[in-house]
Amino acid sequence: MSLILNGFQLAGLILRTNLTPKVIPVKFLHTSFTKFGVQDTEEEEKTNTIERVPISKDRSKVIPVETSIRYMASNAYKLTYGKDPVWKIYRRNHKGPNPPPKTRRTCIRAEVISTGSPCPICRDEYLVLDYRNVDLLKQFISEHSGEILSYKKTGLCQRAHNNLLIAILKAKEYGLLTFDVPLRYYDYSEWKTS
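Residues numbered from 1 in each chain as written. Predicted model: local features only at pLDDT ≥ 70, side-chain atom pairs only at ≥ 80, totals over all residues. Heavy atoms only, no water.

Novice: Describe unusual backbone geometry, and please don't skip the residues or the numbers.
Specialist: Phi is positive for Ala110, close to 55 degrees, though the residue is something other than glycine. Even without glycine at this site, Glu111 takes up a positive phi of about 60 degrees.

Novice: Got a sec to walk through the confidence of the model for the protein chain? Specific residues and values, please.
Specialist: Do not read the fine detail of predicted coordinates wherever pLDDT is low. Looking at the protein chain as a whole, the pLDDT averages 79, with 73% of positions reaching at least 70. Between the elements of the protein chain, mean pLDDT differs from a low of 52, seen in helix 2 (residues 42–47), to a high of 96, seen in helix 8 (residues 158–173). For residues 19–37, every residue scores under 50 in pLDDT, and the model assigns this stretch 15 contacts once sequence neighbours within four places are set aside. (pLDDT = per-residue confidence, 0-100. Helix = DSSP H or I, 4+ residues; strand = E, 2+ residues; numbered from the N terminus. Contact = heavy atoms within 4.5 Å.)

Novice: An account of the pattern of salt bridges is requested, with residue identities and associated values reported.
Specialist: Under the definition given, this model contains three salt bridges. Across the pair Glu125 and Arg59 runs a salt bridge, and its minimum N-O distance is 4.0 Å. Residue Glu125 is found in the loop between helix 5 (120–123) and helix 6 (134–138), and its partner Arg59 is found in the loop between helix 2 and helix 3 (65–72); the two are separated by 66 residues along the sequence. Given the relative accessible area of 29%, Glu125 is considered partly exposed. Since its relative accessible area comes to 15%, Arg59 is described here as buried. For Asp130, the salt bridge goes to Arg132, with nearest N and O atoms at 2.9 Å. Taking relative accessible area as the criterion, Asp130 reaches 16% and is therefore assigned buried. (Salt bridge = Lys/Arg side-chain N within 4 Å of Asp/Glu carboxyl O. Buried < 20%, exposed > 50% of the residue type's maximum accessible area, 1.4 Å probe, protein only.)

Novice: Residue-level account of the packing of aromatic side chains, with values.
Specialist: If you walk through the whole model with that rule in mind, you get five aromatic pairs. With a centroid separation of 5.7 Å and 80 degrees between ring planes, the pair formed by Tyr71 and Tyr77 is classed as edge-to-face. Classification of Tyr71 by relative accessible area gives buried; the value is 13%. By relative accessible area, which is 6% here, Tyr77 ends up buried. Taken together, Tyr71, Tyr77, Tyr81 and Tyr126 form an aromatic cluster joined through their ring pairs. A cation sits over an aromatic face here: Lys172 above Phe179, 5.3 Å from the ring centre. (Phe/Tyr/Trp six-rings, centres within 6.5 Å; stacked < 30°, edge-to-face > 60°. Lys NZ or Arg CZ within 6 Å of the ring centre and 35° of its normal.)

Novice: Summarise the state of the cysteines; cite the residues concerned and give the values.
Specialist: Applying the stated criterion across every chain yields a total of zero disulfides. Cys122 supplies the cysteine sulfur nearest to Cys119, a cysteine that is in no disulfide, at a spacing of 3.4 Å. Classification of Cys119 by relative accessible area gives buried; the value is 1%. (Disulfide = S-S within 2.5 Å.)

Printed below as a string of structure tokens:
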């Protein structure tokens, strides 16, 4: 009887090894193949402490303003946004029916996009808020009143909105953005002596 049971156990082991996939322990995996398909250098293999970030979320590369200005005039920008401002199609995800009173503090932490739906400026790495990028700054100024649009309407994070305010004020100081100064009429007749 024990011979028959041993035979069944042997047959079960053979069948189980063929049907179930083998699990390779982590210590035997080679470190040159990582989650995103990038190979490590020799120094990284020794330390093996560098985190991998998807290229779409990495914001460590600094884009020059000249590149951003050329991007605003390119066909790629027109194909992406059309004639609308960059903030028009953006809607932030939030809990419940009512949006929060303030937008998030920042979308980028440690040079990586840390949210699921970043604001329009943080989402597109080629949109650089600078006083020389006048075409981008004009999209955040009301054409009727000349006021800077609120972050509640545009959906910008607080850091991007503060950078926007600084860039607009600097562009006005340098004379790149025109703005109307209110004209006041005074009645000087009450000051005249007769």
